[in-house]
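Summary of structural features
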Amino acid sequence: MTENDMTSLNFDEVQPERNIYKMGANQEVALSTENLKVSYGNKVALTDADLQFERFKITSLIGASGSGKSTFLRSLNRMNDDVATVDGQIMYRGLDINSKDIDVYEMRKHIGMVFQRPNPFAKSIRENITFALKQHGLRDKAILEERVETSLKQAALWDEVKDDLDKSALALSGGQAQRLVIARAIAMQPDILLLDEPASALDPISSSKVEDTLLDLKDKYTIIIVTHNMQQAARISDYTAFFHLGKVVEYDETRKIFTRPKVQLTIDYVNGNFG
């Protein structure tokens, strides 16, 4: 498929090319980056980012503030387009989604994103789920209601709100609001879910519920999460990438990153001897 073919691309018609990106003999890659570089004007924020993300696994991106991990994450569904120059390839289903001819809005149906602070719409709980679906042309009431229930159940929120679906989402607690935002993202039925410090603004109990939700979701979604909380990364992720000064220092299975890292910078960071 050429770049010219991507202008009117329907991602639903493109099947994964299963033999192209492999992390190992039995590991299917859902998304990969090659020579990814992000610049804000003359300042290079990220360079030489070559990563592969295994399907149906959780990958944590760790590193100090300003290390490039959030910049990297936001690039994966083109959130940096209006504020930065992004070079390199981001391969999804055999396509470079960093191509200028990609339909970004169509692509974001398949690569969803949840931000640091809960941002429910000033609408009812039900409308928070159905709003984007309707914007994309879904009008069947039965299907909409099914999506509401399914996504809220997947986000471990259904039992808490099933009798209050027409109440304002702004009345939810912080933890509930974040799980609603996760439900809103997965209602679009994406393949990949990106999360930028989704529990950093939450109390420990709410944070634990979000972690449990992500663990329950990974059999259906490929999850990539930015976190400052190394204990959280160790608890929930299968893989961990350590970023420092705009580069990926080390990327491996999480248990290896936290018990047998190969790079001294990683050793210093995970042991709290950083800086």
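Residues numbered from 1 in each chain as written. Predicted model: local features only at pLDDT ≥ 70, side-chain atom pairs only at ≥ 80, totals over all residues. Heavy atoms only, no water.

**What about the packing of aromatic side chains?**
Definition in use: In this analysis, rings of Phe, Tyr and Trp, with Trp reduced to its six-membered ring, are considered paired at centre separations within 6.5 Å, and the interplanar angle assigns stacked below 30 degrees, edge-to-face beyond 60, and tilted for intermediate values. A run of DSSP states H or I qualifies as a helix once it reaches four residues; a run of E qualifies as a strand once it reaches two. Both are numbered from the N-terminal end. Buried residues are those whose accessible area, probed at 1.4 Å on protein chains only, stays under 20% of the maximum for their type, while exposed residues exceed 50% and partly exposed ones sit between those limits.
Under the counting rule described, the total for this entry stands at six aromatic pairs. Aromatic side chains Phe72 and Phe243 sit 5.5 Å apart centroid to centroid with 50 degrees between the ring planes, which places their arrangement in the tilted category. With Phe72 in helix H1 (residues 69–75) and Phe243 in strand S11 (residues 239–244), this pair connects stretches of sequence that are 171 residues apart. For Phe72, a relative accessible area of 0% gives the class buried. Ring centres of Tyr239 and Tyr251 lie 6.2 Å apart, and the angle between their planes is 50 degrees; this geometry places the pair in the tilted category.

**A look at the environment of Thr227**
Rules: Under the rule applied, a polar contact is a pair of N or O atoms within 3.5 Å (in protein, one hydrogen donor and one hydrogen acceptor; residues adjacent in sequence only if both atoms are side-chain atoms).
On the secondary structure map, Thr227 appears in the loop between strand S10 (222–226) and helix H8 (230–236). Look at Thr227 and you get buried, because its relative accessible area is 3%. Between the C-alpha atom of Thr227 and that of Leu195, which follows or precedes it by 32 residues, the distance is 8.7 Å. Engagement of the side chain of Thr227 in a polar contact is seen with the backbone nitrogen of Asn229, the distance being 2.9 Å.

**A look at the confidence of the model for the protein chain**
For the record, the criterion: Per residue, pLDDT captures the predictor's confidence, and it can take any value from 0 to 100. Two residues qualify as a contact provided that any one of their heavy atoms is within 4.5 Å of a heavy atom in the partner residue.
Looking at the protein chain, pLDDT values average 89 and 90% of them are 70 or higher. Considering each helix and strand of the protein chain separately, the mean pLDDT is smallest for strand S1 (residues 22–24), with a value of 52, and largest for strand S5 (residues 58–62), with 98. Under a pLDDT of 50 for its full length, residues 1–9 has, in the predicted model, 15 contacts with residues more than four places off or in other chains. Note that pLDDT drops below 50 for residues 13–22; the model gives that stretch 19 contacts with residues more than four away or on any other chain.

**So, the packing of helix H6 (residues 174–186) against helix H7 (residues 204–217)**
Let me state the cut-off plainly: Helix axes are fitted only over the stretch in contact, all axes being lines through C-alpha atoms; the angle between N-to-C directions runs from 0 to 180 degrees. Between 65 and 115 degrees an angle is taken as roughly perpendicular, under 35 as roughly parallel, over 145 as roughly antiparallel, and anywhere else as oblique. By definition, any crossing whose near helix is turned counterclockwise from its far helix by less than a right angle is left-handed, and any crossing with a clockwise turn is right-handed. Ten residues, namely Ala, Val, Leu, Ile, Met, Phe, Trp, Tyr, Cys and Pro, are considered nonpolar, four, namely Asp, Glu, Lys and Arg, are considered charged, and the remaining ones, Gly among them, are considered polar.
At a minimum axis separation of 9 Å, H6 and H7 run at an interaxial angle of 20 degrees. Our classification of the angle between H6 and H7 gives roughly parallel. The hand of the H6/H7 crossing is right-handed. Each of Gly175, Gln178, Arg179, Ile182 and Ile186 in H6 lies in contact with H7, whose residues at this interface are Ser206, Lys209, Val210, Thr213, Leu214 and Leu217. Taken together, the residues of the contact of H6 with H7 break down into five nonpolar, four polar and two charged.

**Here's the deal with the sheet that holds S5**
For clarity, the cut-off: We treat two strands as partners when DSSP finds at least two bridges between them.
Spatially, S8-S9-S10-S5-S11-S12 is the arrangement adopted by the six strands of the open sheet, whose pairing is mixed. Looking at strand neighbours, the two that pair on one side only are strand S8 (111–114) and strand S12 (247–253), the edges of this open sheet. Neighbour-to-neighbour, the strand axes of the sheet open up by a mean angle of 15 degrees, direction not taken into account. With five bridges joining them, strand S9 (residues 192–196) and S10 adopt parallel strand pairing. Residue pairing for S10: Ile192 is matched across the bridge by Thr222. Of the strands in this sheet, S5, S9 and S10 touch H7, which is tilted by about 150 degrees from S10.

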